[in-house]
Amino acid sequence: MNTEQLMTLAVNKNGFVFDPENGISYTVNETGLFILQKLQSGVTKEEIIDFLTEEYEVTAKNAESDLDHFMAMLKALNLIEE
Amino acid sequence: MKKHYTAPYIERNSAGNLNKYAHTTVVRHQDNIDGVPIKNLVEKYGTPLFVFSEKHIRRSYRRLLETIRIHYPKVEVVWSYKTNYLAAICNIFHQEGAAAEVVSRMEYEKARSNGIPGNRIYFNGPSKRKQDLQLAIQEGAYIHIDHLEELYLIENIADELAIKPKVAIRVNMDTGISPMWTRFGFNYENGEAYRTVQRLVSGGKIHLAGLHTHIGTFILDPNAYYWAATKLLNFAQTIKDNFGIVLEYIDMGGGFASSNTLIDQYTPGELASPSLDQYAEAIGAAFNASIYVKEHNPRLILETGRVLIDESGYLIASVLGKKNLPTGERAVILDAGVNINITAWWYKQRVLPTKPFPGTYQNTVFYGPLCMNIDVIRSAMPFPDLYYGDTVIISPVGAYNVTQWMQFIEYRPNVCLINETGEVDVIRFREDLSDITSREFIPDHLRQI
Ligand SMILES: Cc1ncc(COP(=O)(O)O)c(C=O)c1O
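Caption draft 1: Region of the structure containing the overall build of chain B. Of regular secondary structure, chain B possesses 14 helices and 22 strands. Expressed as lengths along the three principal axes of its C-alpha atoms, the size of chain B is roughly 80 × 65 × 60 Å. Taking all 449 residues of chain B together, the buried fraction comes to 54%. Across chain B, contacts joining residues at least 24 apart in sequence account for 69% of those joining residues at least 6 apart. Separation between the mean location of the 46 positive side-chain charges and that of the 48 negative ones in chain B comes to 3 Å.

Caption draft 2: Region of the structure containing the site of the ligand. All names here are of chain B. Every one of the 15 residues lining the ligand counts as a neighbour, but T217, G255, E303, R306 and Y400 are closest to it. Residue T217 places a side-chain N or O atom 2.5 Å away from an oxygen atom belonging to the ligand. A distance of 2.8 Å separates an oxygen atom of the ligand from a polar backbone atom of G255. Per-class residue counts for the shell around the ligand are one nonpolar, nine polar and five charged.

Caption draft 3: Broad picture of the pairing of strand 20 (residues 391-395) of chain B. Residues and elements named next belong to chain B. For strand 20, a buried count of five out of five residues is recorded, marking the element as mostly surrounded by other parts of the structure. Alternating residues of strand 20 divide into T391, I393 and S395 and V392 and I394, and every residue in both groups is buried. The pairing of strand 15 (residues 313-324) with strand 20 spans four bridges and is classified as antiparallel. Looking at strand 20, one finds that L315 is bridged to I394. In the sheet, strand 17 (residues 350-353) pairs with strand 20 via four bridges, with the strands oriented antiparallel. From the neighbouring strand, R350 faces strand 20, where its bridge partner is S395.

Basis of the calculations
- Numbering of residues starts from 1 in every chain and runs along the sequence as written.
- Numbering of ligands from 1 and lettering of chains from A proceed in the order in which they are written.
- With pLDDT at 70 or above as the cut-off, local features in this predicted model cover only qualifying residues; side-chain atom pairs require 80 or more to be listed or tallied, and sums for whole chains, interfaces and linings still use all residues.
- For side-chain calculations, the full set of non-hydrogen atoms in the structure is used, while hydrogens and water are omitted.
- What counts as a helix is a DSSP run of H or I of at least four residues, what counts as a strand is a run of E of at least two, and both are numbered from the N terminus.
- With a 1.4 Å probe rolled over the protein chains alone, any residue whose accessible area is under 20% of its type maximum counts as buried; one over 50% counts as exposed, and the rest are partly exposed.
- Contact definition: two residues touch when any of their heavy atoms are within 4.5 Å.
- The positive count covers Lys and Arg only, the negative count covers Asp and Glu only, and His and the chain ends enter neither.
- Each charge is placed at NZ for Lys, CZ for Arg, CG for Asp and CD for Glu.
- To be near a molecule or strand, a residue needs just one of its heavy atoms within 4 Å of it.
- For this analysis, a polar contact is any N or O atom pair within 3.5 Å, provided that within protein one partner can donate a hydrogen and the other can accept it, and provided that sequence-adjacent residues contribute only side-chain to side-chain pairs.
- Residue type decides the class: Asp, Glu, Lys and Arg count as charged, Ala, Val, Leu, Ile, Met, Phe, Trp, Tyr, Cys and Pro as nonpolar, and the leftover types, Gly among them, as polar.
- Note on pairing: two strands pair once DSSP finds at least 2 bridges between them.

Any link to function would need more than the numbers given here.
Structure below.
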């Protein structure tokens, strides 16, 4: 997984995300923001699932499937590459 | 304590060129009904707009009849008015040869005004008043008795009019499914139905022509029909043995499920609902195993409603606005709500865009225009981003909506029919203020404000 594009994003703590390279902005919700920040700090998928289940009322299984879905969204938005 | 969780979500803010980022396009959209472009329908008739397909209605009726006939040839499918009693819709079924099944004075009058003679009307329901029964009996209708008071009333009328009314007894029974609709008719297992026949016969004033049941609606287990038919046929045999009466017909009511998906059902209705053939086979198995049937060849009647019309009806609605919900879901406000689409409370209806949309999907909830929290047309489903004025098409909505719709806040919309050659007629015109006020009266002292 190539997260280079992701590293350049400016992420504010209200969930406003700005891409300085092309001027496009995004909105993420609280858990989306949580995951983006973890991805930017370079942790693995497994670690993110652990963080999520520690912080939130969610099972590892659900967190994993949501994370996969979220990664797919990021991919669709060209923010990460396979 | 851990924090409340919602699924992670990201959305691009600009409404610019989504295409550049779209790796998926909407796979399915519906831009026409029977070849008539939705755009044209919307331009001409506005939204919300109900649209029915005559071609599909006729095809459904013929398919049901043919399917049942494979298993039992002596069958009659009568049109259950309450499912959809717009005159044009009823007349399609009547042209196909269907008699009428009604449950009230209003429906009875409607069938008569559609040109159906009394002797082709089956009169069900728990609420027939004396005047209703007098009229129906005079005109030769079949009365399906729901309770004992009705039986006594019919005897009185028989005396008054010196007519021997034709009736059936409505029977309820255990067919292995729940809920059991025990509030209608007389129970089979506890002998109530038998005692009612005994009482009817001893009165000597009424002609017992048939047995009737309606075990429920949207029945997902075809076997229930096997048990219902078996019990009614056994009962018919008992009536023959004990009273020497040979019945003309066995009426199995309605209840077949359409391809809609119930709210709490996980599997889509297209997969979960039994096929017509499964229902036909269940009823046929009971009929063909019955000695009573071999000897007396009774007419099988079906009062099928929903499955004959649900898929033939569509509702086109326009987007009035949208918002982001705190849950991360997108909410779209449509101009059609549960006021005209009552069955949205029972089903997860299909909602489709009317043109292809590039872009990614978001979980989208569809709300109607009413100022009420209950006005939800469809709970969250992945959907492309819609904009003001875009249209969506909601289906199946052909059953029970244009009868159960309510006059609340909004005018009821145009209803169109696309005929077999693709021409479009309005079969019920959009209401205006006069529909709301024409029955009102303002006392003198309230005229001046
Ligand atoms: C007596 C009777 N017959 C027929 C029907 C039609 O049922 P469905 O639309 O489920 O086929 C109903 C509906 O409730 C009914 O009450």
